[in-house]
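An overview of the molecular structure
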Amino acid sequence: MLLISLLLALSIGNFSHANTLKVCYDQWPPMTIFPSEGFPARGFVIDMLEQIYTSKGYQLEYYEVPLARGLDMVADGLCDMLPEYLFSQDTEVGFEYATEATFAYPTAFVVRQDESWRYDGIQSIQGKRVATGPGWHGKIIIN
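To keep things clear, this report deals only with the structure shown in the data block. (Residues numbered from 1 in each chain as written. Predicted model: local features only at pLDDT ≥ 70, side-chain atom pairs only at ≥ 80, totals over all residues. Heavy atoms only, no water.)

So, the overall build of the chain
For the chain, the helix and strand inventory stands at three helices and four strands. The linear arrangement of helices and strands in the chain, starting from the amino end, is α-β-α-β-α-β-β. Taken across its 143 residues, the chain has 20% of its residues classed as buried. Within the chain, counting contacts between residues at least 6 apart in sequence, those at least 24 apart form 43% of the total. (Helix = DSSP H or I, 4+ residues; strand = E, 2+ residues; numbered from the N terminus. Buried < 20%, exposed > 50% of the residue type's maximum accessible area, 1.4 Å probe, protein only. Contact = heavy atoms within 4.5 Å.)

Concerning the packing of aromatic side chains
Per the counting criterion, the structure on display carries three aromatic pairs. Between Tyr25 and Phe34 the ring centres are 5.6 Å apart and the planes differ by 75°, which places this aromatic pair in the edge-to-face class. On the basis of an interplanar angle of 90° and a centroid distance of 6.1 Å, the ring pair of Tyr25 and Tyr62 is categorised as edge-to-face. Of this pair, Tyr25 sits in strand S1 (residues 20-25) while Tyr62 sits in strand S2 (residues 59-64); the two residues are 37 residues apart in sequence, bridging distant segments of the chain. In this structure Tyr25 comes out as buried when scored by relative accessible area, which is 0%. Through successive ring pairs, a cluster of aromatic residues spans Tyr25, Phe34 and Tyr62. (Phe/Tyr/Trp six-rings, centres within 6.5 Å; stacked < 30°, edge-to-face > 60°.)

With respect to the side chain of Asp26
Looking at where Asp26 falls in the secondary structure, it is placed in the loop between S1 and helix H2 (44-54). For the buried residue Asp26, which engages in no salt bridge, the nearest side chain bearing the opposite charge is Arg69, 12 Å off. Other than its neighbours up to four places away in sequence, Asp26 contacts Thr32, Phe34, Val65, Pro66 and Leu67. (Lys, Arg positive; Asp, Glu negative; His and termini not counted. Salt bridge = Lys/Arg side-chain N within 4 Å of Asp/Glu carboxyl O.)

Regarding the pattern of salt bridges
This model, assessed by the stated rule, comprises one salt bridge. One salt bridge in this structure joins Glu64 and Arg42, with 2.6 Å as the shortest N-O distance. Placement of the pair is Glu64 in strand S2 and Arg42 in the loop between S1 and H2, with a sequence separation of 22 residues. Judged by relative accessible area, which is 35%, Glu64 ranks as partly exposed. By relative accessible area, which is 23% here, Arg42 ends up partly exposed.

Focus: the state of the cysteines
Enumeration according to the criterion identifies one disulfide in this entry. One disulfide bridge connects Cys24 with Cys79, the sulfur atoms lying 2.0 Å from each other. Its S-S torsion of about 75° marks the bond between Cys24 and Cys79 as right-handed, since a negative value means left-handed. Of this pair, Cys24 sits in strand S1 while Cys79 sits in the loop between helix H3 (67-75) and strand S3 (129-132); the two residues are 55 residues apart in sequence, bridging distant segments of the chain. (Disulfide = S-S within 2.5 Å.)

Let's talk about H3
Among all positions of H3, only Gly70, Leu71, Met73 and Val74 are buried. Down the axis, H3 shows its buried residues gathered within 160° of arc, on one side only. Looking at the buried residues of H3, the elements they touch are S1 and S2. Directly after H3, the chain includes Gly77, whose backbone phi takes a positive value near 80°. (Arc of directions from axis to C-beta.)

Section: the nonpolar core
Listed in full, the eight residues of the largest apolar core are Leu21, Val23, Tyr25, Ile46, Leu49, Leu60, Tyr62 and Met81. Broken down by secondary-structure element, the contributors of at least two residues to this core are S1, H2 and S2. By residue number, the principal contributor to this core is S1, which donates three residues. Every residue in contact with Met81, bar those within four places of it in the chain, is listed here: Leu21, Lys22, Val23, Cys24, Leu49, Tyr53 and Val74. Within the second largest apolar cluster, seven residues are counted, among which are Cys24, Leu71, Val74 and Leu82. (Core = buried A, V, L, I, M, F, W, Y, C linked by side-chain atoms within 4.5 Å.)

Next comes the structure, spelled out in structure tokens:
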């Protein structure tokens, strides 16, 4: 009887977790954002996932990790998905990509209003400082 109770408790515990999807994501504002105390938003893509999956009865559990770690976590079965990752033939075999795009958006360079520079291919950023990442602290000078 004790063994049956233990097996029943384990199966009920596993059943309750069956409706939880683990989502790994990296920082890619405004699409995916690591929330903070002063700014709780998670970004457009996470909002979209939340609406789609919670309406179907799923709970989402988030892991805010760098992209490489997120890919490893999906490959190792620690996360169920990593949204906002572009298809790449170089990615290890075993990942499943969506067959239909959910939306498309252009990538942009943000410059001062009075700046005349415009992106015109990789050669146009030579000699420019390019800031990336959270808070725009990282700067890269392209030579």
